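Coordinates in review
Here's the letter readout for the chains.
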Amino acid sequence: MANVVNMEGVYYKLKDYYILENVNLTIKKNDFMALIGPNGGGKTTLLRLILGLLTPDKGNIEVLGMAPGKSKNIGYLPQKSSYQSNFPISVLEVVLMGRYKQLLKGYNKEDMKSALDSLKKVEMLHLKNQQIEKLSGGQLQRVFIARALSRKPELLLLDEPTASIDPHFQGKFYEILSKIRKKMAVVMVSHDIGVVSSYVDSIACLNQKIYCHGPVEESVEGLEKAYKCPIDLIAHGFPHRVLREHE
Amino acid sequence: MLEFLQYQFMQNAFIAALLVSIACGVVGTYVVIKKIVFISGGISHAAFGGIGLGYLLGINPVLSAIPFSVVSAVLMGSLGKKIELSEDAAIGILWSVGMALGIIFINLSPGYAPDLFSYLFGSILTVPYQDLLIMLVLDLIILGTVGLFHREFTAISFDEEFAEVMGVPSQLIYIILLALVALSVVVLIKAVGIILIIALLTIPAAISRQFTHHIPRLMMASVILGVILTSMGLWLSFLFNLASGATIVMVLGAAFFISAILKKIWYT
Ligand SMILES: Nc1ncnc2c1ncn2[C@@H]1O[C@H](COP(=O)(O)OP(=O)(O)O)[C@@H](O)[C@H]1O
Ligand SMILES: [Mg+2]
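Residues numbered from 1 in each chain as written. Chains lettered and ligands numbered in written order. Predicted model: local features only at pLDDT ≥ 70, side-chain atom pairs only at ≥ 80, totals over all residues. Heavy atoms only, no water.

**Things to note about the overall build of chain A**
When you go through chain A residue by residue, the secondary structure sums to seven helices and nine strands. Here chain A has a C-alpha radius of gyration of 18 Å; the compact-globule value for 247 residues is 18 Å, and the two agree. Taking all 247 residues of chain A together, 52% fall into the buried category. Taking the intrachain contacts of chain A between residues at least 6 apart in sequence as the baseline, contacts between residues at least 24 apart amount to 64%. With the model as given, the accessible surface of chain A reaches about 11,700 Å², and the carbon-plus-sulfur share is 49%. The average position of the 33 basic charges and that of the 26 acidic charges among the side chains of chain A differ by 8 Å. (Helix = DSSP H or I, 4+ residues; strand = E, 2+ residues; numbered from the N terminus. Rg over C-alpha atoms; globule rule 2.2 N^0.38 Å. Buried < 20%, exposed > 50% of the residue type's maximum accessible area, 1.4 Å probe, protein only. Contact = heavy atoms within 4.5 Å. Areas by Shrake-Rupley, 256 points an atom, 1.4 Å probe, with all protein chains shown as cover. Lys, Arg positive; Asp, Glu negative; His and termini not counted. Charge placed at Lys NZ, Arg CZ, Asp CG, Glu CD.)

**Examining the site of ligand 1**
Residues and elements named next belong to chain A. All residues in the neighbourhood of ligand 1 are listed as Leu14, Tyr17, Ile19, Pro38, Asn39, Gly40, Gly41, Gly42, Lys43, Thr44 and Thr45. Contact distances for ligand 1 include 2.8 Å between an oxygen atom and a backbone N or O atom of glycine 40. In the environment of ligand 1, an oxygen atom lies 2.7 Å from a nitrogen or oxygen atom belonging to the side chain of threonine 44. Calculation on ligand 1 without its partners gives an accessible area of 560 Å², and the protein chains cover 56% of this total. Every element with two or more residues in the shell around ligand 1 is listed here: strand S2 (17–27) and helix H1 (43–51). (Near = heavy atom within 4 Å. Polar contact = N/O pair within 3.5 Å; in protein donor to acceptor, adjacent residues only side chain to side chain.)

**Things to note about the packing of aromatic side chains**
Here the structure, examined in full by the defined rule, presents 14 aromatic pairs over all chains. Ring centres of A:Tyr174 and A:Tyr199 lie 4.9 Å apart, and the angle between their planes is 15 degrees; this geometry places the pair in the stacked category. You can see A:Tyr174 sitting in helix H5 (residues 167–180) and its partner A:Tyr199 sitting in the loop between helix H6 (193–197) and strand S8 (202–207), a full 25 residues away along the chain. The class for A:Tyr174 is buried, based on a relative accessible area of 3%. A relative accessible area of 27% places A:Tyr199 in the partly exposed class. Taking the centre distance of 5.2 Å and the plane angle of 65 degrees together, the rings of B:Tyr30 and B:Phe153 count as edge-to-face. (Phe/Tyr/Trp six-rings, centres within 6.5 Å; stacked < 30°, edge-to-face > 60°.)

Below is the structure:
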């Protein structure tokens, strides 16, 4: 089975400085990877390259065996959606867009079911007919999460999904992820290193270059290099002491 | 009030008002929700080049306006991406070049240009039968295209980037939408004239937008409002012997203000 994502020697330049430099990254089937790094480290850029929204200056990217942008079997939660906030559209209609297939193909029963299911998962089903301009920022984020989930893709890209979400739903969100992660590869950008590290299989640390990429336990050193400061992987208040306990 | 309907030209005018309202209600909805008012203004003015071309070639200017405005719509939508140019600059350039071309074409045409004013300011009372037929065909094309691509139009209007990720060919769909704007411009030329077209493309949808959040209902409401308001304008222009295009636009403007006030009262 080919990898879900294969990046080899990828460079991405803006004007005259490199945002990404010699990035090599593989994501395997059913991988659950956290993409971690400081603000401006290039995480969003990396996801947009995988999606084909940006083209690398050098290097090779393959997504689900195709060129980026060719495979549409991808779920995406953008960090900053470019949506129109006062658009005349309901919550359910927004989520259905995650089920878009191709020109001239309407949404069928299965699409509707998947959309409603995802809304239920993010606890927004009761607001399915709500006008989106009447939602709070966090509620909207949940709708966009549902939109990404409803696709049931082979690859799910989540860019800072837990930003603007309340603690209750954050717990619920990780629960959702641990349920679906057997069915797809998931890449999640996050700054909650402590929490995330107890759920994911691997961590990639990105700050212009990939500083590390591997199982959680082996990634601590790279993390510190990427962030340029020591990192305490055991977050305060979280019970999952999975890391380097016996060293 | 109804006796003026007995005149043949009045009947034609009402048919024209109906055809106009279908185009501006359906396409105008997208113009308003996708916020492409400026580019639509550009397309409608550039269409004057097509009118001039008609005079030059000695064919019906409404016919020659069709390819001309579609091509300028496609150029406005794609030029900004092809060369390093912001879209609004591309619009401004094509807007004025289109109009200038129209003037040059008319200069070059033999003789003088009869009823040039009707293309600039509209004359819904004198729409010939052949033009009504053209308007009907264009309306059918518009309705058919929206029927086929409404999902994509909504998707790119709401969130173009996400639509692209989901596999919507968003650039192509945007160009098709602009081509529909171009076709509705042609439908509207005879009714209100090039200079006032943008009023019909925006006002009915902008009024309806205040009262519904559902795109199909928004289109329906805009069409119905369009019929009522243009007929009202037509009747008033007949009654007071005023220019029909301008009267229609004044009625639309007044209706918008009244609706805005009503909405304020409604929600307080
Ligand atoms: N549209 C843009 N225009 C200019 N600079 C950008 C743009 N997008 C990203 N950048 C720059 O690229 C770098 C990486 O950004 P980004 O990928 O968003 O980082 P991250 O998601 O890791 O915070 C930053 O230094 C940012 O300033
Ligand atoms: Mg980012």
